[in-house]
Amino acid sequence: MKRGIVSSRSTRRWGVVRLAALWIAAWAVGASAQQPYESAAQKARPGEYPEQLRGRQVYWTVVGAPDDTAESLLDEYGNLEPTAGGSTLMPYIFSGDKLISALDAASVRQELDRGYLPLPSVTWSLDALTQRIEAYAAGEPGSSATWIRYRLSNISDRPQSGRLFLAIRPVQVNPPWTFGGMSPIRALSFAGAPEKCEVQLDGVTRYVSLTAPDACGARAFDGGDVVQLLARGEVPEAKELKQEDGLLSGVLAYDFSLEPGTSKDVVVAAPLHPESAPVAVSGGAEAFDDGLSAARALWESQLAGAKVGPFGPDLDQAVKAQLAYILVNKDKDALEPGTRHYGQSWIRDGSIMAAALLRAGMTEPVRKFADWYAQFITPEGEVPSRLDASAVPTAKIDIEPAWDGQGEYIYLVMEYYRSTKDRAFLERHFDRVMQALRFLEQLRKQTLAPDYMQGEPARERFVGILPKSFSHKGYRAQVHCYWDDLWALKGWKDGAAAAEALERPEVAKWAKEQYSQLRDSVRASIEAVIAHQHLDYVPASVEKADFDPTSTSIAFFPCGEEGVFPEAALKATYERYWKELAARDDPAWKGIFVTFEIRNVYAFLALGQKDRAQRVLDMIMKSRRPEGWQVLAAVFQG
């Protein structure tokens, strides 16, 4: 799959929930080319403007400290976005009367420390120079900073001289199609130069150069983009500028003169919580190595108890990296599937991430997540589909209807209990489990009403299943989504299991009866949709009757409900998916690929087709972007 020019209507999600699924899939087994759009920046010299402003997909990874609520983004070229919605620090090299960006490099390599720790690096390979960019976050939650080092090395047999430029630009690494894009800078100033130069944007310290710059300056866009000056090796003269259009840029310049085999380091720190900048940024450039060693030790301790593999060196490292990404994206007790646009906690993603952590033997983050999320279940038993990490239990949670959270919360509780046998935990959650089950019962009563969907053709399609919702994020309108019903069935089964574990036979009996009734209704609904729409596959929803095996596959894992589908339709669903998968081997293939397809690993295993399961897992592994960062990016059409 080649890098695509992505549609401006696309959305890109940081794929931690798929990253979690990679661990589960590996345990079970023992990007997309889209239509381009034109932008003014595409006519510029490559490297002059960020690639995302040229309409091109740029991959990135996250840099953060455990339990912190703020993270940085480092993109595949070494550009840093320190804070959400903030500016970008972009490196350039001026040497031999030529301005060099990452796009001019013979190669750009991305790596993680030890191959799996969330301490990323980017290396540019040039004719006479290499530039290695390393980043880590350090400090206590709420008073941390991202540290980044640029190491220029002369790999030639002749002296090399020039300037390293770090341009501060009013654009995010997070692209426009995930609600990123521009990041207005209306005031820019430099203070404290030359010893420890602080860069203030709109009156807030955003960067601290711990290496003394040889020059610095700011420029307004209406006077020409700052890169036009850098292309001549020059730096703007202004040390302070204000302009309401928000298009200010700045630059820090560092002269270098390197003999063969020597290097020059430049270190910059970016406070993740600007109000704590003096605490977050202490020490000089020489503190970078000590800080990196401490960050390495901290992340190794976070992952010390992880039980992984053995799956083989490559898959082992990939799985460990996914566990680390789950932890780096965790905000306090909230498991989150990503940062920026997905910097919230979804119960659907959190339950799967919890399952991954539990399979690795990492129980404590799961216990804290379950205890935190349970506080927000309403007295009626509704489980909110998503929460902000800063939410408080007394606040009103105003979100769209999504009914999968009922079963996902109960599954989360029981997965923890099955892993730990912690009876006190189960007892503490049981009242809320009961509330969630009663809410499921009330939801189903809506579709059992005689007038529900009255007048609709083949009305039996809607009877006795859960009502419409927005649970499936690919739908623009509420539909009756079998995803909800499959999770509800899992909730009833796990609710019965919880009651039995706590010796409450009457509750267990009730839950089993409700499970049986819902299962019969779901089966009848699916059969009615197949007949009404003349399908030969399992539909994912009632209204759309859509072919979506990535949604259907949750019936196998974690729900264990593949038997609810007609056997012939189930077989045809995965035969069709297999043929579509094989078609991708054609170099001329064009289409949409999502890493959610990792769910189909479980389906093929349950169908006794291990070779096909391995093929899907291999496809997912080949889809890491970049491979060295172990990132499973996902690109969707909006």
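Residues numbered from 1 in each chain as written. Predicted model: local features only at pLDDT ≥ 70, side-chain atom pairs only at ≥ 80, totals over all residues. Heavy atoms only, no water.

### Structural notes on the overall build of the protein
Right, on to step 1. The helix and strand tally for the protein stands at 15 helices and 21 strands.
Right, on to step 2. Relative to the 2.2 N^0.38 estimate, which gives 26 Å for 638 residues, the radius of gyration of the protein is 26 Å and therefore close to what a compact globule would have.
Right, on to step 3. Along the longest, intermediate and shortest principal axes, the C-alpha atoms of the protein span 80 × 55 × 50 Å.
Right, on to step 4. Counting only residues that meet the buried cut, the protein has 60% of its 638 residues in that class.
Right, on to step 5. Put simply, the protein shows about 24400 Å² of open surface, and 49% of that area lies on carbon and sulfur atoms.
Right, on to step 6. Once the 72 positive and 83 negative side-chain charges of the protein are each reduced to a mean point, those two points are 3 Å apart. (Helix = DSSP H or I, 4+ residues; strand = E, 2+ residues; numbered from the N terminus. Rg over C-alpha atoms; globule rule 2.2 N^0.38 Å. Buried < 20%, exposed > 50% of the residue type's maximum accessible area, 1.4 Å probe, protein only. Areas by Shrake-Rupley, 256 points an atom, 1.4 Å probe, with all protein chains shown as cover. Lys, Arg positive; Asp, Glu negative; His and termini not counted. Charge placed at Lys NZ, Arg CZ, Asp CG, Glu CD.)

### Things to note about the packing of helix H13 (residues 567–583) against helix H15 (residues 610–622)
Right, on to step 1. Contact geometry for H13 and H15: axes closest at 12 Å, N-to-C directions at 45°. Here H13 is positioned oblique relative to H15, judged by the angle of their axes. Crossing of H13 against H15: the hand is left-handed. Judged by residue contacts, Tyr574, Glu575, Tyr577, Trp578 and Leu581 of H13 engage Arg612, Arg615, Val616 and Met619 from H15. (Axes fitted to C-alpha atoms, helices over the stretch in contact; angles between N-to-C directions. Parallel < 35°, antiparallel > 145°, perpendicular 65-115°, else oblique. Left-handed = near helix turned anticlockwise from the far one by under 90°. Contact = heavy atoms within 4.5 Å.)

### Re the packing of aromatic side chains
Right, on to step 1. One pass over the structure, following the stated rule, counts 17 aromatic pairs.
Right, on to step 2. Considering the side-chain rings of Phe369 and Trp372, the 6.3 Å spacing of their centres and the 35° angle between planes classify their relative orientation as tilted. Of this pair, Phe369 and Trp372 both sit in helix H7 (residues 364–374), three residues apart, roughly one helical turn.
Right, on to step 3. Residue class for Phe369 comes out buried when judged on its relative accessible area of 0%.
Right, on to step 4. The exposure class assigned to Trp372 is buried, which follows from its relative accessible area of 10%.
Right, on to step 5. Chaining the aromatic ring pairs together yields one cluster made of Phe556, Tyr574, Tyr577, Trp578 and Phe604. (Phe/Tyr/Trp six-rings, centres within 6.5 Å; stacked < 30°, edge-to-face > 60°.)

### Overview of helix H10 (residues 482–501)
Right, on to step 1. Taking 1.5 Å of rise per residue, 20 residues should cover 28 Å, and H10 covers 29 Å from first to last C-alpha, within 8% of that figure.
Right, on to step 2. The buried fraction of H10 amounts to 16 of the 20 residues, a majority that puts the element mostly inside the structure.
Right, on to step 3. Following H10 by one or two positions, Glu503 adopts a phi angle in the positive range, close to 60°. (Expected span 1.5 Å × (residues − 1).)

### A word on the side chain of Thr88
Right, on to step 1. Mapped onto the elements, Thr88 comes out in strand E5 (residues 88–95).
Right, on to step 2. A distance of 3.3 Å separates the side chain of Thr88 from the backbone nitrogen of Val173, its partner in a polar contact.
Right, on to step 3. Leave out the neighbours within four places in its chain, and Thr88 touches Asn79, Leu80, Glu81, Ala167, Ile168, Arg169, Val171, Gln172, Val173 and Tyr207. (Polar contact = N/O pair within 3.5 Å; in protein donor to acceptor, adjacent residues only side chain to side chain.)

### Describing the environment of Phe190
Right, on to step 1. By secondary structure assignment, the location of Phe190 is in strand E12 (residues 187–191).
Right, on to step 2. Considered as a pair, Phe190 and Leu201 are 11 residues apart in the sequence and their alpha carbons are 9.1 Å apart.
Right, on to step 3. Phe190 has contacts with Ile168, Cys197, Glu198, Val199, Cys216, Gly217, Ala218, Lys239, Gly250, Val251 and Leu252, leaving out every residue within four places of it along the chain.

### Looking at the environment of Val204
Right, on to step 1. In this structure, Val204 sits in strand E14 (residues 204–209).
Right, on to step 2. Relative accessible area serves as the criterion here: at 27%, Val204 is assigned to the partly exposed category.
Right, on to step 3. A sequence separation of 70 residues divides Val204 from Glu134, and the C-alpha atoms of the two residues are 24 Å apart.

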